[in-house]
Protein chains: 4
Amino acid sequence: MAATRPHPKAQSTTRLEAISDGVFAVALTLLVLDIHVPDADPSKLFGELVKLLPHVLAFALSFLIVNFYWTAHQVLFNSIQRSDRYLLWFNALHLLFVVFLPFSTGLLAEFHHTPLAVDIYGLNIILCSASSIMFWLYAAHSGLITDNLSRDEVRLVVWRLLINPLVCAVALCVAFLNTTAAMLLYLVTPIWYVLTGPDAAAGDRGTWRLRWPLRRSRKPGSG
Amino acid sequence: MAATRPHPKAQSTTRLEAISDGVFAVALTLLVLDIHVPDADPSKLFGELVKLLPHVLAFALSFLIVNFYWTAHQVLFNSIQRSDRYLLWFNALHLLFVVFLPFSTGLLAEFHHTPLAVDIYGLNIILCSASSIMFWLYAAHSGLITDNLSRDEVRLVVWRLLINPLVCAVALCVAFLNTTAAMLLYLVTPIWYVLTGPDAAAGDRGTWRLRWPLRRSRKPGSG
Amino acid sequence: MAATRPHPKAQSTTRLEAISDGVFAVALTLLVLDIHVPDADPSKLFGELVKLLPHVLAFALSFLIVNFYWTAHQVLFNSIQRSDRYLLWFNALHLLFVVFLPFSTGLLAEFHHTPLAVDIYGLNIILCSASSIMFWLYAAHSGLITDNLSRDEVRLVVWRLLINPLVCAVALCVAFLNTTAAMLLYLVTPIWYVLTGPDAAAGDRGTWRLRWPLRRSRKPGSG
Amino acid sequence: MAATRPHPKAQSTTRLEAISDGVFAVALTLLVLDIHVPDADPSKLFGELVKLLPHVLAFALSFLIVNFYWTAHQVLFNSIQRSDRYLLWFNALHLLFVVFLPFSTGLLAEFHHTPLAVDIYGLNIILCSASSIMFWLYAAHSGLITDNLSRDEVRLVVWRLLINPLVCAVALCVAFLNTTAAMLLYLVTPIWYVLTGPDAAAGDRGTWRLRWPLRRSRKPGSG
């Protein structure tokens, strides 16, 4: 019985999740490096700090978005049980785009009125989402996920992951008309994601089970 | 029996604590990046290093404060056993304010005679505390904490978490009179926290049990 | 029976892998710091971004290469079960060369037409590989690896680890004729590594067992 | 029986070790940020890189030293089984001095002929050692370490930890005569530490048992 439990060394997702957490943590923290302490006369500090506002807002936006991807990563890896070399590389591709976000954020903060900068930021988000869909689909099709997920549930996860890049694709076009509107669109999915409660969602749809693997342990009486 | 133990993948707080530890670790280390090696003639090095003193002191102060929040985070998560999406986001909000501290620290070091800079630093601390109270209250009210904590114990933790922001709120006002006094006030709670011993405190109040979950394992004879 | 399981504190590779993952994660993320947001007129942003292209490509190349070494590190430590002080230091030497890569990357991005810079980058890769061969050979010869690896398997791993430095040694010479060709050679092994599938490879050669310790758990019926 | 095993949440050293590993990993990697890519004409690159040599050597020296402290930290925490608040703060003090090393390293690289800079570096090392002695003594005297260590073994560890600061104290004085000699002295203990083999040492003295908790698991026949 105990022999069927795989050797701890074989739980390859452990280190995959460890390095991903590390990369997400550093990316989250590097975002603040773009906010430079102004080099001004103390009497003019208030004015200088006001000028930093776009950088602070871009920092908060990107912090929200990196967290959004970290949350998604964690939820997806709750269902991914095994790892292979391809999954490592799909995951690396995802991390590559996440790591690029501090640069895109700095660009957005500096050129928030320029459609080009706003679109590079949006493209970066789209690539983050696309790569997360890739590693999820690969894991699902290679039998690396848990057995208790049906094909419909796997597909529903993909649909959910598609929402953010689709909204951002619209934002890419909107940016040419109004960059502020585009930036607000980037906020839509993460904020919707934050606001939708676990309980309401769980009552709604079966896929939410994927998101809340803990629910079972919440009903200790059923054990 | 063994079946009631939840699957390791379901221990969602594991990765929540991992990314938080990562963010705290990077934030602690980034603080030193604000202390720049002076670009001076070797004969004038001493004078240049003396000019760095505010940066070194601000670094030490913030190191103390980030550690204070890490300690609190670790103590709170000793009692938080499960995670859900809201908790992830409340925790993310807490990390956002922690990650902002390296910037506030740089600002404080550069403008330690300017009330505005000193107040931004204090406000940052208050937001760190407020967000930690939020995730604690959410966890307690959503049944994510251990069952052996009474409502009174939960409330006592909140009161303890309120001490630091209340002292800092006073410091915000004091800063307009004397910035040095305000900065000393920022030190009060962390230092009081460091000095209060575990044993003395444990003898005093029941809530300290929350802080010292290890005590049981210290009395092996009682097992 | 249960008594033969070593105490968790004794699994020294746990922390060795933890600090390595941390170093790899920070190195991956620091790479992006070399891509600076241009300080230009918004109307000239496109032209300025085009000038950043070498930096973006160097970033992607190094991200690929650091990941390549992280993957190798993870695969090797799947077979390394115990640690001793020498292994810590061989591993530290490996990390030293990995940590140096962000500098080499910046140098490559800035001087991609200069053979000297391209060669320093290649030398850095060779040193990363050489040090990973060193810690693997040390571990194998000191009985720190799993018992189910034959001497031939250990040697095959060394041969595989030698491919990348040998290709890079050729690239070092090529750089004096054509720096672009040399940089393309740096890509060869990582891309070959990404493309070679786990299943095809597993059918081919026995050593791949080393790479896919998970295969056993993939056939639950055989347990 | 199973009840005597402490709850995983109670293993407080887990997160203490996690944040320490994170801080050490970031500190190791930040060291490279001090080596700036030269802004020169390609034809003069070689000369510019030669000027970077002090920075590269200071990087390698500090990498060695931070690793030295990480190794010591890991060895000490192999014997520290429980944590309390004081230990958290002693450990934080240790990390504070470790985090300061990237600054001291930059200072040393820039002013390696100036006794003041060389002494600040040495003082930093002494403080790292002093704080590690403090947390070890505190842990030993508060019953946080394993029971199978005798008082003599605890004391021998302290003596071993004292070697490095004593050598550095000599280096502080030597720096006023010859800075290069002082810097070579900083290398003595870490290199002696690297070179002394685990087996030779284990045959010599009983305390080495503390360093090699894995030895027992190396003799599977004795289980």
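Fair warning: this is a prediction, and the values are worked out from it, not measured in the lab. (Residues numbered from 1 in each chain as written. Chains lettered and ligands numbered in written order. Predicted model: local features only at pLDDT ≥ 70, side-chain atom pairs only at ≥ 80, totals over all residues.)

Peer 1: Before we go on, may I ask you to explain the overall build of chain A in this structure?
Peer 2: A tally of regular secondary structure across chain A gives 10 helices and 0 strands. In chain A, the succession of helices and strands from N to C terminus is α-α-α-α-α-α-α-α-α-α. Out of the 223 residues in chain A, the part that is buried amounts to 50%. Contacts in chain A between residues far apart in sequence, at least 24 positions, make up 77% of those at least 6 positions apart. (Helix = DSSP H or I, 4+ residues; strand = E, 2+ residues; numbered from the N terminus. Buried ≥ 20, exposed ≤ 12 C-beta atoms within 10 Å, placed from the backbone. Contact = placed C-beta atoms within 7 Å.)

Peer 1: Any chance you could explain the nonpolar core here in plain terms?
Peer 2: Generally speaking, soluble globular proteins have nonpolar side chains that are buried together. V98 of chain A, V98 of chain B, V98 of chain C together with V98 of chain D are the most contacted members of the largest nonpolar core, which totals 272 residues. Here V98 of chain A is in contact with V23, F24, A27, V66, Y69 and C128 of chain A, once residues within four sequence places are set aside. (Core = buried A, V, L, I, M, F, W, Y, C linked by C-beta atoms within 7 Å.)

Peer 1: Explain helix α1 (residues 13–30) of chain B here, please?
Peer 2: Within an α-helix, residues lying three or four positions from one another point in the same direction, as the helix has 3.6 residues per turn. The end-to-end C-alpha distance of α1 of chain B is 25 Å, a good match for the 26 Å that 18 residues give at a rise of 1.5 Å each. Of all the 18 residues making up α1 of chain B, 17 are buried; the element is thus mostly covered by neighbouring parts of the structure. (Expected span 1.5 Å × (residues − 1).)

Peer 1: Sorry if this is basic, but what is going on with the confidence of the model for chain A here?
Peer 2: Low pLDDT marks regions whose predicted coordinates should not be analysed in detail. Residue and element names in this part refer to chain A. In this model, chain A carries an average pLDDT of 83, and 83% of its residues clear a pLDDT of 70 or more. Ranking the helices and strands of chain A by mean pLDDT puts helix α5 (residues 115–141) first, with 95, and helix α10 (residues 215–218) last, with 36. Taken together, the stretch residues 1–11 has pLDDT below 50 and engages in 8 contacts with residues farther than four places along the chain or on a different chain. Both scores are available for the predicted complex, with the pTM at 0.86 and the ipTM at 0.83. (pLDDT = per-residue confidence, 0-100.)

Peer 1: Looking at this structure, I do not really get the packing of helix α3 (residues 53–79) of chain B against helix α7 (residues 179–195) of chain B. What am I missing?
Peer 2: Helices that pack against each other are described as a pair by the angle of their axes relative to one another and the distance between those axes. All names here are of chain B. Where α3 meets α7, the axes come as close as 10 Å, and the angle between the chain directions of the two elements is 55°. It follows from the interaxial angle that α3 and α7 lie oblique. In the crossing of α3 with α7, the sense of the turn from one axis to the other is left-handed. Counting all contacts with α3, which are made through L61, L64, I65 and F68, the residues of α7 involved are Y186, L187, P190 and Y193. Of the residues belonging to the contact of α3 with α7, the class tally is 8 nonpolar, no polar and no charged. (Axes fitted to C-alpha atoms, helices over the stretch in contact; angles between N-to-C directions. Parallel < 35°, antiparallel > 145°, perpendicular 65-115°, else oblique. Left-handed = near helix turned anticlockwise from the far one by under 90°. Nonpolar A, V, L, I, M, F, W, Y, C, P; charged D, E, K, R; others polar.)

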